[in-house]
Structures are given as structure tokens and as C-alpha cells.
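# Coordinates in review
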Amino acid sequence: MKHLLSIITGLAVLSAPAMAQTAAPSGDVAIVAPSQQYCVTVMSGFPNDDHVARYQFFRLTQDIAEGATPQFRAALSQYGDADVNAQTPILDVIEAIANPVLRQAAPEMVIGFMEHLIDFEDRCGVYLDGQISSLKAYDGDLIWEDPLIAEDALFLRQILSESLERAGASNDPSHAFASQDYAANLISTRDNMEFQVFTTEIDDLEALYMTDLDGRLARSNDIINKEMDRESLDDAITLANDMDKDFKEKEDQRRLYTLWRILGR
Amino acid sequence: MGRVKTAFLISTAVLVTGCATSAKGISTSAVMKSTMAEPLRQETPPGTVMAVLRYPAHVEDDAKQAYYDAYAKRGIGGKWSKDKRDAAEIQALADGMIIKSNYYALSVYKEMAAKMPEHSVLLSPHTVKLGANGKLTSEPMTQAESLPSVVTVDFTSYSFPDAKKMMGKAPLTFGDLVTPLVTVHSDHRAAAPTQGLKLASAPILNTSAGSGRRGVGQSLAALQNGTFETSVPPLDFISYLNADSAARVPSQSFGSMSPNTVTSYPLEKIQLDKKVLAKINSKGASVQDPLKASFSSGFANQVIGIINRTDVNKATMVSRAAAIAQYDPSLAALTIVGSQDADYLARYRYAERLLEAEQKYLSVQSLRLFDGVYNGEIGVQTRDMLKAEHDHLEERRELARQQNVNTTMAVLGVLATGAMIANGGVGQDCSRSRTQREYYECQRRNQAANKVITDVAIAGIAYTGSKAYSLNKQSKMMGSNYLSSVAPVLEQQQTVQVNLIDSNETITAIRFEDLRSKLQTLYSQKQRSLDTVATRCGYTHDGAVKSGTWLGVCENGLANGAGVGVLRADDGRSIEYYGYAVNGQPQGAGYMITHTAAGSTALEGNFIAGRADGTMRETKAGKNAQVMSYSAGTPTGQAPVGSPVATPFDKMPMSLSGAGN
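These numbers come from a predicted model, not from an experiment. Residue indices follow the written sequence of each chain, beginning from 1 at its first position. Each chain gets a letter, beginning with A, and each ligand a number, beginning with 1, in the order they are written. Predicted model: local features are reported for residues with pLDDT of at least 70 only, side-chain atom pairs are reported and counted for 80 or more only, and whole-chain, interface and lining totals are derived from all residues.

### Focus on the overall build of chain A
Note the threshold: Helix and strand definitions here come from DSSP, where helices need a minimum of 4 consecutive H or I residues and strands a minimum of 2 consecutive E residues; each element is numbered from the N-terminal end. A residue pair is marked as a contact if its C-beta atoms, positioned from the backbone, fall within 7 Å.
When helices and strands are tallied, chain A shows twelve helices and zero strands. Listing the helices and strands of chain A from first to last along the sequence gives α-α-α-α-α-α-α-α-α-α-α-α. Across chain A, every contact between residues at least 6 apart in sequence was considered, and the portion connecting residues at least 24 apart equals 83%.

Structure follows, in C-alpha cells:
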């Protein structure tokens, strides 16, 4: 959330001229098939002064739309009511969603703003993907699985889920299942994210301990292997050979004596 | 005729003492021929290893005499010669076995590790010591056996304790000869009829079965006491030396595919490839492994085949629960049958990740143990020793050949002399004599000539016989000389090897404890609470017995939900149950194993009030698992083909229905 607020604060200054320009008359969100004009218009409302911020907002929009089934979108349509259109700057939309006063006082507005973002992602996914790919090609350092973006998206989705609850969707037989399913999905997404953090911490711990252990064992093995006295084996074999030779000589003498005795009969 | 008699007496004596064997072995083990190599088809959950390889690595000082005595007393595959037993030779052979087991086990480890996923094979060297009862036992020197594993493999390279039999047919691990003694166990839940035993060398099969049976008893006793953890069993070979109680299990010869039986691996003396052995310690070249082509590679395939036919979930569920219990006792019993609850799944995933960290950590230890022994000076010295032993054997083989030539010559000499005498000997034809006097002169000359020839022949026979006897003595003396000379070296090498393993374990253990404590802290910080927790309460089976223990979900002091139940019935049966229960009794999908004096059987399917009811998978010794219909605990016949069998493990990703049964 810190990340989201810092982006919003930073971009508020950057996008102020854009806001002035896009104070367009309000109207209903287009519900017809994907329109290039609509997509281009909405996308022009994304930050365009900083390619990193633009990338982050595109990714945030993608993540926000996660888990929005047609049934769930029907619930949004039913309970959402916000003054938003293609010309509304994206920053205004997200600011409105994150506004704690608005969340408490007018959940239907929050729902409406979220519906606007989800609808945009649904209708203009291809353009969004294209923009994201272009930006990534332009700057290879941009991270696809940015945990901060994922965290912000989840926060906004939780606001949406709570707003729907506040608006009464969970008690509405037509929309209860979709909204509850969405809420359960958020829990599992939250679990996954927390597990990811846990895994990262364990990975670090594991790497640290395994490297340390490996180094220590290698050093210890080297020291102990030096204790091996390899000459002792050579000595033992020489000793055994000498004993064998000695015995053989005695046996040869004994055999000669036997032969002498036999021949001397 | 007196001379003929003498000659035959000599030849008999020569034949008795003079024929020498030359310590031969088979070039390729049965494990290399019996099955096609198959790829590993199983997967294990994180934190579960495929195999742990156990072997004797050290004998504690105060256990040495008991070990030598037991080793001498419980010889395998041979008969003692009439010569006086030499304690020093017995000790050298016994110490040599430990050194070779240490070394050749690493060949098996290398092959198994190469054929299985990373970190899925661990080494568990054992130290042989005296137990509290004064009997021999063995304990793991590392923590490898604290992790769940699909199978455990015991490996020992064996030598018959009589050094006088080294050149004979008795088992031997010396020079180019290796006699492996192996056993493969899984947990008995995955192989109920054989109590977990999957494969065993024929001479120790019954002892290994006894070990499996004791393991069952210990595990049930632990469950009855409310814990999943049981002590690690000693090596099967040590149990054999100890003459621990044996048991009978259905077995099959190697290469057969009868279900639910133990495969009996014949005692084999394997002769390694001399070409590989000749290059075993070539400077600058990579380390040559002569056992690979004759045994290790094929044995690793056998282990893979066994794992492929083992139900991984059943084989590891209890040991996994024991490992998880270290971090989270309230979760442990729930992991037996699993759950779809989000809080359970989240917590289980964390626990598995902890075990995975342990697994990787212990795997590093195994790899370093391998590297330290195999690639270090210890390995070089062992290979030098193998080379020296091989040279020694070759010399004795040459002596044996000479001895046999002498024996053959002596025998042929006897036969030729006998034949000559029987045909009237050599000399002139006296019938052509013109006078009586000439005839007598001729006869006298012939007799004199025959006497000389016979005397020379007998002298030759006696000499070659004596030489054969002398060569035999020389060969035996060479064995004795070698073993007595090399004994201090074996002791020194064992000391260094133990230092290495001990040092590895000390370093590993300190950091392992530290790692575990950090993992525990991380786990405690991150985990979410469980809605349903596992505890301990009463399990009544079919209601008649009240003394059972349930580890799992409880309500009103009785089993109610998922978990594990165990009890001993009044009729002597021991029953263990994994699945769902209501009011202390199995109810719903479950897996029940019943142990009686006659053996163990398993039933999987639906239970009502503690009794099998519905379509059940029945597993008995020597037969494929059968799908039977049951009503109120009584079989009513074969179930229709395709009848579904309820299983409590359907939420476990690694459960392979019917595998290993």
C-alpha cells in the first residue's frame, strides 16, 4: 500500500495537466465490443511522463482484473455507481478507490470505479499486453512479478470485496455466490502471496546455510583426509611380501630336503 | 605290487590336499540381468526423499569384541576349515568389511543419486555399538533417517570369517571380489503382508523380516503412546549377527514378479572387471568404479523398480507426520489423510517447505560425505588397497594353478607307473633267450630296470605331490601374512573415516539445530491458525475395545473426524486404522491393517461402525490386491469389475491407489 500511495502522490503532480485536459463530460462506459478508440482514450489517461510508472499502472490494472468472472462483473454492474468515463485519468480512478472516506461513505462509487478498470482490462487486454511488452522491451529491468504491484492490486481487490459486502451483494441471492467466491479467492491469493514471502525467506536461509555447510564440510574433509597415512599401506604390503618371500624360501629348502631324502633312499 | 600300492596312496593324498580353487566369482550380478532399467515414475512431496542408504561405517571400541565374536559365529555361505581359528585374521576380515562397505556403499549411492531427482537420496552411515542390553546394535551417525523416505536400503559388503577359505567358494569381499548383502524396506503401511520388507539377500531374509515385524510393533506402540516417532532400527546385518528373532514372510526368487512377496536376492560373489580394476587409481584419470558395471548400476535400477511399485503416500505418511510433529504437533495427524480446508492447506504447505529445507541441507551433507570419502585420500587409499588385494589374489591364483599342475602331474605319474607295472614293466623280450641262463639274466636286468624306473616315478610323484602341498601351504600363509600386516592399516583407515563422518555430523548437527530453530521461528510467525486441530483421544474400533488410541480430530474424548487409530484386541490382533471415524469407530473411507501371529493383511474402502462395509480392496500375502464386497465386516464375494473403492487418501497428491499392494 505504501508503494501505491507513493506512486499516487508522485503522479498526482505529474498528471495534473492531463487531468485538466481530460475533464471531459461524464458518460456511461461503453459496453459494446472492443473499440480501438475507447482503448486508446483510456490508455491516454495512464501516466505518460514516466515509463516505469506507466508500466506499473498497466500491470496494476491487469492484476486488479484477476478473478473477475462474468457473474462477478454482473454484480459490479448491479451495485456499481460512479461518475467515470473513458477520459477519466487512471490516477483519479485509483485515488478514489483508495480513498478511505469514499470507501466508508459510498461503496457503490468504489465498485463503479473498480468496474471501470476491470471493464477496461477485459475490453482492451490486447492493447494492454502490447503496451506492457513494448515497455519491457524498452527497459529490461522492469519486473513482471513485482510483489509490490501484486500487493497493491490485492489491496484494491479487497476494498472492492468489502464494498460489495457493504453494498449488500452477499445477501442478494443473484450475486451472493459470485461475491463470496471472489472473497474466498482473495484469501487464497493472500495465502499464496504470504507463502511466497515465506518461501523467499526460507530460500535465503537455505542458501546461506547450505553454502556455509558445504564450505565447512569441504574444509573439514580436506583436513581429515590429510590424516591418511598412505605410506602405511605400502609398508604393510612390503612387510607381507617379505614374510611371503621368507616362507617361500623355507618351503623351497624343505622341498629340496624332501627330494634329497627321496632320492637318497 | 607294494610299489603300486604306495603310488596309489600318494596319489590319493595328493588329490585330497592338492586340488586348489582360485577364488572365482560371477562377472555380473543377477541385479544386472533380471529386469530392464526403468525410469523413475514416482514423485515425492517436498521434504520426502526417495531412498536412504544405510551401511556399517564404524564399530565402537567397546563393541569390537562382541562384533568380532558374532561375526565369527554367524558366518554366511561357508563352512569353517579344520584349521585353528586365528583371531587376528577374523578381525582383519571383519574390519575389512567395514572399510569396504563404507566404500562400495558410495558406489551404490552414486548410481542411485544419478538416476533419481536431486536431493532425493541420502546417506546414513551407522556406528555399531553395544545396546543397553549388552547386545550389538547400530545407530545412524547422521540425521538422514529423521526425514520421511519411500524406501531404506541396507548395504554391507560381506566376507566369510575364515581366511583359510579365501581362495575357495565362500563369500568374500577382497580385491576383485565383492559379496553384497542388501535389504530394501519400505514402511509397512505400503507393504502390509511383508511388513515393509521388499527385497533381501537370501541368508538374512528371515532376520530382515523379523526386523520388519519388530518395526511394526514399535510403530504401533509409539502410536498407542500418542506419538508418530519411532527409533531407527539397527542395520539388518547387525540384527543378523545378533541372532535377533527372525520371521517368515512369503518370498520369491529373484526375477519373479509375484505380488506382495519379498524378493530373495541370492548370495553372490561378484568378480569385478580386471581391466577397470587395473586402472582404478590411475593418476590424472577420473575415478574408476569397478562395481558400477557389475552391481551398483543394476541394483539402483532394482531400487527404482521397487519405488515405482510402492505407494509413496502410504510409505511415507507416518514418518512425514513424525517430521511435521517437530514443528506443529496439532497439524501432524491431520496430514495422514489431508484436507481441503484452506487453513489446513496453507499450514501444510509451510510445513512441507520446512521439511524440504531440511532435506536439501542433509543432502549437502550426504554429497560431502561421498566426496570426502570417495574423492579424498581415503578413497585413494581404499583403491590402493583394492589393487593390492587384487595383486595378492592374482599371486595366489597363480600358486593355485601351479598347485593344480603339480597335482595333475602326480596323478598322471601314478597312473602311468601303475599301468606300466600292470603290463609287466619295461625291458627286453626274454623269450628270445637261447639258453636258460640267458633267460634268467634277461629277467634280472628287466627287474632291475623296472625297479629304477618305478623308484624314479615314485620319487617324482612324491616330489610333485609334496610341491602341491607346499604351494597350498604357501598360499594360505600368504593370506595370513597379508591380513596380519594390513590389520593396523585397516584400523587406521577406519579411524580416519570415522573422524571424517563424525566431523561432518558435528558440523552439520550444530548448524542443523540452528537452521531448525530459525525455521521454527519463521513457521510460528507466518502460519495461520487451524480451525480444526489434531489431538489424542479414544479409539474403540468396533466399540468392543476401549483401550485404543486416536491421533486426529476428537470430540467428547473420542475419535471424530480424520486421523489414525490403533489398538490391541483381546484376541491378540493389533489393528491400525487410517481414515475417518465417528464416535471412536471407523466410519467412512479408511485403510485398516490387521496384524496377527500368522501375518498382516490390509483392507481399504468404506467402514461402518468399525466394520468393512461395501467395496473393499483386500491385500494379502502372495496375491494381487483383490476388490471384494463386504457387509458388516464379512466378505460376501468378489466385487463386480470396475467397482469403485473408497479411499481416505484421495486428498493426498502422492497416493497411488493399490500400488505396492
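### Comments concerning the environment of leucine 241 of chain B
Residue and element names in this part refer to chain B. Along the chain, leucine 241 turns up in helix H6 (residues 236–241). Taking the C-alpha atoms as reference points, leucine 241 and lysine 73, separated by 168 residues in sequence, lie 8.1 Å from one another. Residues contacting leucine 241, with those up to four places away along its chain left out, are Ala70, Tyr71, Arg74 and Leu136.

### With respect to the interface of chain A and chain B
Operational definition: Throughout, the ten residues Ala, Val, Leu, Ile, Met, Phe, Trp, Tyr, Cys and Pro are labelled nonpolar, Asp, Glu, Lys and Arg are labelled charged, and all others, Gly among them, are labelled polar.
Contact residues are listed per partner, giving 44 residues for chain A and 48 residues for chain B. Counting only elements with at least two residues in the side of chain A that touches chain B, the list comes to helix H11 (176–225) and helix H12 (230–263) of chain A. The element contributing the most residues to the side of chain A that touches chain B is H11 of chain A, with 23 residues. Of the residues contributing to the side of chain A that touches chain B, the split by class is 22 nonpolar, seven polar and 15 charged.

### What about the nonpolar core?
Filter applied, for reference: When buried Ala, Val, Leu, Ile, Met, Phe, Trp, Tyr and Cys residues are joined through C-beta atoms within 7 Å, the set is termed a nonpolar core. Exposure criterion: with C-beta atoms placed from backbone coordinates, a residue whose C-beta has 20 or more other C-beta atoms within 10 Å is buried, one with 12 or fewer is exposed, and one in between is partly exposed.
Counting 186 residues, the largest nonpolar core has Ala51, Leu53, Met112, Val121 and Val303 of chain B as the members making the most contacts within it. Counting residues per element, this core draws most heavily on helix H13 (residues 436–526) of chain B, which supplies 20 residues. Among all residues touching methionine 112 of chain B, those that are not within four sequence positions of it are Ala51, Leu53, Val121, Ala300 and Val303 of chain B. Grouped together as the second largest cluster of nonpolar side chains are 45 residues, Val42, Ile64, Tyr79 and Ile159 of chain A included.

### Description of the packing of helix H8 (residues 107–123) of chain A against helix H10 (residues 147–167) of chain A
Residue and element names in this part refer to chain A. Short version of the rule: Every axis in this analysis is a line fitted to C-alpha atoms, fitted for helices over the stretch in contact. Angles between the N-to-C directions lie between 0 and 180 degrees. Note that the term roughly parallel is reserved for angles under 35 degrees, roughly antiparallel for angles over 145, roughly perpendicular for angles of 65 to 115, and oblique for everything else. Left-handed describes a crossing in which the near helix is turned anticlockwise from the far one by less than a right angle; the clockwise case is right-handed.
Packing of H8 against H10 leaves a shortest axis separation of 9 Å and a crossing angle of 135°. For the element pair H8 / H10, the angle class is oblique. In this structure, H8 meets H10 at a crossing whose hand is left-handed. Along its contact with H8, which presents Pro107, Glu108, Val110, Ile111 and Met114, the element H10 presents Ile159, Leu160, Ser163, Leu164, Arg166 and Ala167. Looking at the contact of H8 with H10 residue by residue, the classes come out as eight nonpolar, one polar and two charged.

### A few points about helix H3 (residues 64–73) of chain B
Residues and elements named next belong to chain B. What counts, and what does not: What the arc describes is the spread of directions from the helix axis to the C-beta atoms.
Along H3, the positions that sit buried rather than exposed are Tyr67, Ala70 and Tyr71. Down the axis, H3 shows its buried residues gathered within 100° of arc, on one side only. Where the residues of H3 are buried, they touch strand S1 (49–59), helix H4 (87–115), strand S2 (121–130), strand S3 (136–140) and H6.

### Observations concerning unusual backbone geometry
All names here are of chain B. The backbone of asparagine 556 sits at a positive phi, close to 55°, despite the residue not being glycine. You can see asparagine 556 is positioned in the loop between strand S12 (548–555) and strand S13 (558–568). Of note in this structure, alanine 609 is not a glycine but carries a positive phi near 50°. Overall, alanine 609 belongs to the partly exposed group, with 16 C-beta atoms counted inside 10 Å.

### Considering the domain arrangement of chain B
Residue and element names in this part refer to chain B. Threshold: An automatic or database domain assignment is the source of the domain bounds shown.
Looking at chain B, the domain boundaries give domain 1 (21–320) and domain 2 (535–638). Once you take the C-alpha centre of each, domain 1 and domain 2 turn out to be 34 Å apart. Taken together, the contacts link 14 residues of domain 1 with 19 residues of domain 2. For the side of domain 1 that touches domain 2, a count of residues per class yields seven nonpolar, six polar and one charged.

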